[in-house]
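In case you want the letters, here they are:
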Amino acid sequence: MRHEKKKKKRRTWLKVVGIIVLLFILAGGAFAYTVWNSLTNTVDSMHTPIDRKTDKRTKNLALSNREPFSMLMLGVDERDGDKGRSDTMIVLTVNPEKKSVKMLSIPRDTRTEIVGHGTQDKINHAFAFGGAKMSMDTVENFLDIPIDYYMKINMEGFKDIVDAVGGVTVQNDLDFTYEGVHFNKGSINLNGEDALKYSRMRYEDPNGDYGRQSRQRSIIEAVIREGASVSSLTKYDDVFDALSKNIQTNLTFDDMMDIQKHYREASKSITQSTIPGAGKKIDGIYYNIVSDEEKERVQSELKEQLDIK
């Protein structure tokens, strides 16, 4: 059943940042003007503000001052008449002084308090109950760090984003076949459709959902590389079109410009991780239970990354 809740994750902040970096470094003259207009229209269509404040910050975040920030990436499988669940939840913490990005995957079955709903439930249910705002509030409470931004990706259109950058290349550590496609060990090239399948499989993986999360993160990194490549500039129309149709974020255009200016070095060092737990059934429902010790360890790492005392 979980296997049916498909389409997971990705390709978001990385992509926007990569394209913006390209724009400034490579574009010139009238061509740059054309790209710029297309970019601004794309950002306008993606921008979806959220009315929320965090009590995890004592002052407003200033990207122009190179302050570390966090972003919650939500991979949502949206269908007609269904708000969907965030089957993929990744928290990015970005520190420009350390020139690093930490990418934390949160297993979707993780049991926690759903802030604003008054229940203990699977963390990915927060989106179904209260959209991106409740997801941000819930993850913020779970990790005890401020969640500054969100980016929601409609996974139904994920393959369009991968195809728009010309496909991706990943290093595959597990030989397997999924939905009619065989994935060999080693370096493999994936188009959008195959990337979706590659990122969805988990039942044949000896590491289960953790193995799937690792493949998802490898796809994200691959999209970053492709989005920041010279060849992607010639595909900007397709890239921007795929972004505008499938991504929503509370990042403004000025925020993105500040990220391009002050944070692009951080994207060169990305550390992947997850927050492990133990499977347990409660009232007949399967949950991922994270111990207090493990939660405190992860919280401490993220606070250090965000320079939070």
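Residues numbered from 1 in each chain as written. Predicted model: local features only at pLDDT ≥ 70, side-chain atom pairs only at ≥ 80, totals over all residues. Heavy atoms only, no water.

Caption draft 1: Main features of the overall build of the protein chain. The helix and strand inventory of the protein chain stands at nine helices and 14 strands. Out of the 309 residues belonging to the protein chain, those deemed buried represent 54%. Residue pairs at least 24 apart in sequence account for 70% of intrachain contacts in the protein chain once pairs closer than 6 positions are excluded. About 13,500 Å² of surface is accessible on the protein chain, with carbon and sulfur atoms providing 46% of the total. (Helix = DSSP H or I, 4+ residues; strand = E, 2+ residues; numbered from the N terminus. Buried < 20%, exposed > 50% of the residue type's maximum accessible area, 1.4 Å probe, protein only. Contact = heavy atoms within 4.5 Å. Areas by Shrake-Rupley, 256 points an atom, 1.4 Å probe, with all protein chains shown as cover.)

Caption draft 2: Expanded view of the sheet that holds strand 11 (residues 247–249). Across the sheet, six strands lie side by side as 11-6-1-2-3-12; this open sheet has mixed pairing. The open sheet has two edge strands with one neighbour each: strand 11 and strand 12 (270–274). Averaged over all pairs of adjacent strands, the angle between strand axes in this sheet comes to 20°, irrespective of strand direction. The sheet contacts of helix 3 (residues 125–143) involve strand 1 (69–76), strand 2 (86–95), strand 3 (100–105) and strand 6 (149–154), and relative to strand 1 the element is tilted by about 140°. The sheet strands contacting helix 9 (residues 292–305) are strand 2, strand 3 and strand 12, and the helix crosses strand 3 at an angle near 155°. (Pairing = 2+ DSSP bridges. Axes fitted to C-alpha atoms, helices over the stretch in contact; angles between N-to-C directions.)

Caption draft 3: Region of interest: helix 5 (residues 192–200). Of all the nine residues making up helix 5, seven are buried; the element is thus mostly covered by neighbouring parts of the structure. For helix 5, every residue scored as buried is listed here: G192, A195, L196, K197, Y198, S199 and R200. Where helix 5 starts, the residue carrying a side-chain oxygen 3.3 Å from the main-chain nitrogen of E193 turns out to be N191. (Polar contact = N/O pair within 3.5 Å; in protein donor to acceptor, adjacent residues only side chain to side chain.)

Caption draft 4: Molecular detail of the side chain of E67. Structurally, E67 is set in the loop between helix 2 (29–46) and strand 1. When its relative accessible area of 16% is taken as the criterion, E67 is described as buried. In terms of polar contacts, E67 uses its side chain to reach the backbone amide nitrogen of A62, at 3.0 Å. Aside from chain neighbours lying at most four places away, what touches E67 is K59, N60, L61, A62, P96 and Y263.

Caption draft 5: The arrangement of the pattern of salt bridges in detail. According to the stated counting rule, one finds 14 salt bridges in the structure shown. Here E67 ties to K59 by a salt bridge, and the two come within 3.8 Å at their closest N and O atoms. Its relative accessible area of 57% is what places K59 among the exposed residues. A salt bridge links K245 to D241, with the nearest nitrogen and oxygen atoms 3.2 Å apart. Of this pair, K245 and D241 both sit in helix 7 (residues 236–246), four residues apart, which is roughly one turn of the helix. With relative accessibility at 60%, the residue K245 sits in the exposed group. A single network of salt bridges, built from pairs that share partners, joins R52, K133, D137 and E140. (Salt bridge = Lys/Arg side-chain N within 4 Å of Asp/Glu carboxyl O.)

Caption draft 6: View of the nonpolar core. Judged by nonpolar contacts, the single largest core of 50 residues is most densely connected at F183, L190, Y198 and I219. Grouped together as the second largest cluster of nonpolar side chains are 22 residues, V76, M136, V298 and L306 included. (Core = buried A, V, L, I, M, F, W, Y, C linked by side-chain atoms within 4.5 Å.)

Caption draft 7: Expanded view of the confidence of the model for the protein chain. Confidence in the prediction of the protein chain, expressed as mean pLDDT, is 81, and 82% of residues score 70 or more. Per-element averaging of pLDDT across the protein chain places helix 1 (residues 13–26) at the bottom with 42 and strand 4 (residues 111–114) at the top with 97. Low pLDDT, under 50, characterises residues 1–31; the stretch is placed with 117 contacts to residues that sit more than four places away or in other chains. (pLDDT = per-residue confidence, 0-100.)

Caption draft 8: Structural context of the layout of surface pockets. Roughly 460 Å³ of volume is contained in the largest pocket. R52, T54, N60, L61 and D148 are, among the 16 residues lining the largest pocket, the residues nearest its centre. Tallied by class, the residues present in the lining of the largest pocket amount to six nonpolar, four polar and six charged. (1 Å grid on protein atoms, 1.4 Å probe; cavity = no way out; pocket = protein on both sides within 12 Å on 5 of 7 lines; lining within 4 Å. Points joined across faces, edges and corners; volume = space filled by probe spheres on them. Nonpolar A, V, L, I, M, F, W, Y, C, P; charged D, E, K, R; others polar.)

Caption draft 9: Molecular detail of the packing of aromatic side chains. The final tally for this structure, using the stated rule, is five aromatic pairs. Consider the rings of F69 and Y149, whose centres lie 5.8 Å apart with planes at 80°: the pair is edge-to-face. One end of the pair, F69, is in strand 1; the other, Y149, is in strand 6, with 80 residues separating them in the sequence. A centroid spacing of 6.0 Å and a plane angle of 25° characterise the contact between F176 and Y198, whose relative ring orientation is stacked. (Phe/Tyr/Trp six-rings, centres within 6.5 Å; stacked < 30°, edge-to-face > 60°.)

Caption draft 10: Molecular detail of unusual backbone geometry. Of note in the backbone geometry, D144 takes a positive phi value of approximately 60° without being a glycine. Relative to the assigned elements, D144 resides in the loop between helix 3 and strand 6. Taking relative accessible area as the criterion, D144 reaches 27% and is therefore assigned partly exposed. Within the chain, E179 stands out as a residue other than glycine whose phi angle is a positive 50°. With respect to the helices and strands, the residue E179 is situated in the loop between strand 8 (176–178) and strand 9 (181–183).

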